[in-house]
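# Observations on the model geometry
Given next are the chains, with one letter for each unit.
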Amino acid sequence: MWRRVASVFTLLAPSRSSVLNKVPHNLKFLEVFATEVMTPTEDGVLSKVKTPFITFVLGGPGSGKGTQCLKIVESFGFTHLSAGDLLRKETSTNAKFCDMINDTIKEGGIVPSELTVKLIQGAIDSSENYKFLIDGFPRSEENRSAFEKITGAEPNIVLFFDCPEEEMVRRVLSRNEGRLDDNIDTMKKRLKTFTALSLPVINYYSEKGKLLKINAVGTEDEVFEQVRPVFAKYEKEIR
Ligand SMILES: Nc1ncnc2c1ncn2[C@@H]1O[C@H](COP(=O)(O)OP(=O)(O)OP(=O)(O)O)[C@@H](O)[C@H]1O
Ligand SMILES: Nc1ccn([C@H]2C[C@H](O)[C@@H](COP(=O)(O)O)O2)c(=O)n1
Ligand SMILES: [Mg+2]
């Protein structure tokens, strides 16, 4: 019997009552790519629970992360969680943080990690899916460590869309979606933030052997032809 994935965080946080506690050998789910685990239901019957498969999707502003995520969703059935979209949505539902989020976005900065992780955590917990694309996160070492600390989880894989600055600027300035940050002044600041704060995270995952670098130059379909085999390789874990 299949059950929806339990909260990724109740699965992973060892301090709470969690399925993790019932897995032998102290293996971390996300490191062993297990996709199911036997866990007792309230009536004591063992049932299979799908375990989460997390992909972080990184790249500079306008490198095409969101565009490629939509294609991955179509082909591989992931749930797409864009950290930027979650923050923008929060500005219309949470008056307390509205100005802070908008100001940070306009200034090309990074919103305090605790809030962003909370939004991602909430979105994962309320999803019926077990495979997630977390787009535009982590954007700093602080983001990364907050996610690990709060959730106890790590990504299975990390995609990095590598794009020259001139191309990112061209794409952002012709995006035309009415975003607060699609202007040259904010874009210059975002590129500085990317170099100073996001590249170290990309290097971190590269050193851990989790980074898959994609050349983001080319048509959307050409770029996706590099992305497709990445997920095809993990077919067993994500089907
Ligand atoms: N391969 C491509 N070639 C040309 N234009 C592209 C390509 N991929 C995406 N675009 C366009 O570039 C713009 C930026 O793409 P997208 O929104 O996917 O980038 P992003 O990495 O999510 O950016 P951000 O970090 O600002 O959210 C969009 O208008 C999109 O249609
Ligand atoms: N981890 C994140 C992700 C996004 N933001 C803020 C700052 C970004 O410039 C903006 C837009 O994000 P995008 O849609 O381009 O992914 O949202 C952040 O503070 N922290
Ligand atoms: Mg985007």
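Residues numbered from 1 in each chain as written. Chains lettered and ligands numbered in written order. Predicted model: local features only at pLDDT ≥ 70, side-chain atom pairs only at ≥ 80, totals over all residues. Heavy atoms only, no water.

### Digging into the UniProt feature "binding site: a ribonucleoside 5'-phosphate" (unreviewed entry) in the protein
As recorded in UniProt, the sites labelled "binding site: a ribonucleoside 5'-phosphate" (unreviewed entry) are R88, G109, I110, V111, G136, F137, P138, R139, R179 and R190. Tracing the backbone shows G109 in the loop between α5 (95–106) and α6 (113–125). Taking relative accessible area as the criterion, G109 reaches 40% and is therefore assigned partly exposed. Note that P138 resides in the loop between β6 (131–135) and α7 (141–151). Beyond its immediate sequence surroundings of up to four residues, P138 is in contact with F56, L58, N143, R144, V201 and Y205. (UniProt positions renumbered as here; feature names shortened; annotations may be inferred. Helix = DSSP H or I, 4+ residues; strand = E, 2+ residues; numbered from the N terminus. Buried < 20%, exposed > 50% of the residue type's maximum accessible area, 1.4 Å probe, protein only. Contact = heavy atoms within 4.5 Å.)

### As for the confidence of the model for the protein
A low pLDDT means the predicted coordinates there should not be read in detail. Residues of the protein with pLDDT of at least 70 account for 82%, and the chain-wide mean is 87. Contacts of residues 10–34 to residues separated by more than four positions or lying in other chains number 50 contacts, the stretch itself having pLDDT below 50. Scored by ipTM, the complex comes to 0.99, with pTM at 0.88. (pLDDT = per-residue confidence, 0-100.)

### Structural notes on the site of ligand 2
The full set close to ligand 2 counts 15 residues, and R88, V111, R139, R179 and R190 are the nearest of them. R139 has a polar side-chain atom sitting 3.0 Å from an oxygen atom of ligand 2. For ligand 2, a nitrogen atom lies 3.0 Å from a polar atom in the side chain of N143. Compared with its free state, where it exposes 450 Å², ligand 2 has 96% of that area covered by protein. (Near = heavy atom within 4 Å. Polar contact = N/O pair within 3.5 Å; in protein donor to acceptor, adjacent residues only side chain to side chain. Areas by Shrake-Rupley, 256 points an atom, 1.4 Å probe, with all protein chains shown as cover.)

### Some points on the UniProt feature "binding site: ATP" (unreviewed entry) in the protein
Under the UniProt annotation, the feature "binding site: ATP" (unreviewed entry) is placed at G62, S63, G64, K65, G66, T67, R175 and G218. With near-sequence residues (within four places) excluded, K65 lies in contact with V57, L58, G59, G60, D135, G136, R139 and F161. Inspection of the secondary structure assignment puts G218 in the loop between β8 (211–215) and α10 (220–233). Apart from the residues lying within four places of it in its own chain, the contact partners of G218 are R171 and V223.

### Section: the packing of aromatic side chains
Going through the model one piece at a time under the given rule, you end up with nine aromatic pairs. Judged by centre distance (6.1 Å) and plane angle (75°), the rings of F53 and F78 are edge-to-face. A residue pair is termed long-range when its members are at least 10 positions apart, and F53 in strand β4 (residues 53–59) and F78 in the loop between α3 (65–76) and β5 (79–82) qualify at 25 residues. For the pair shown, F53 and F78 are each scored as buried. The positively charged end of R144 is found above the aromatic ring belonging to Y204, 3.6 Å away from the centroid. (Phe/Tyr/Trp six-rings, centres within 6.5 Å; stacked < 30°, edge-to-face > 60°. Lys NZ or Arg CZ within 6 Å of the ring centre and 35° of its normal.)

### Thoughts on the packing of helix α4 (residues 83–93) against α6
Where α4 contacts α6, the two axes come as close as 10 Å, and the packing angle between them is 100°. The orientation of α4 with respect to α6, classified from their angle, is roughly perpendicular. Where α4 abuts α6, its residues A83, L86, L87 and E90 lie against L115, T116, L119, I120 and A123. Of the residues assigned to the contact of α4 with α6, the class counts are seven nonpolar, one polar and one charged. (Axes fitted to C-alpha atoms, helices over the stretch in contact; angles between N-to-C directions. Parallel < 35°, antiparallel > 145°, perpendicular 65-115°, else oblique. Nonpolar A, V, L, I, M, F, W, Y, C, P; charged D, E, K, R; others polar.)

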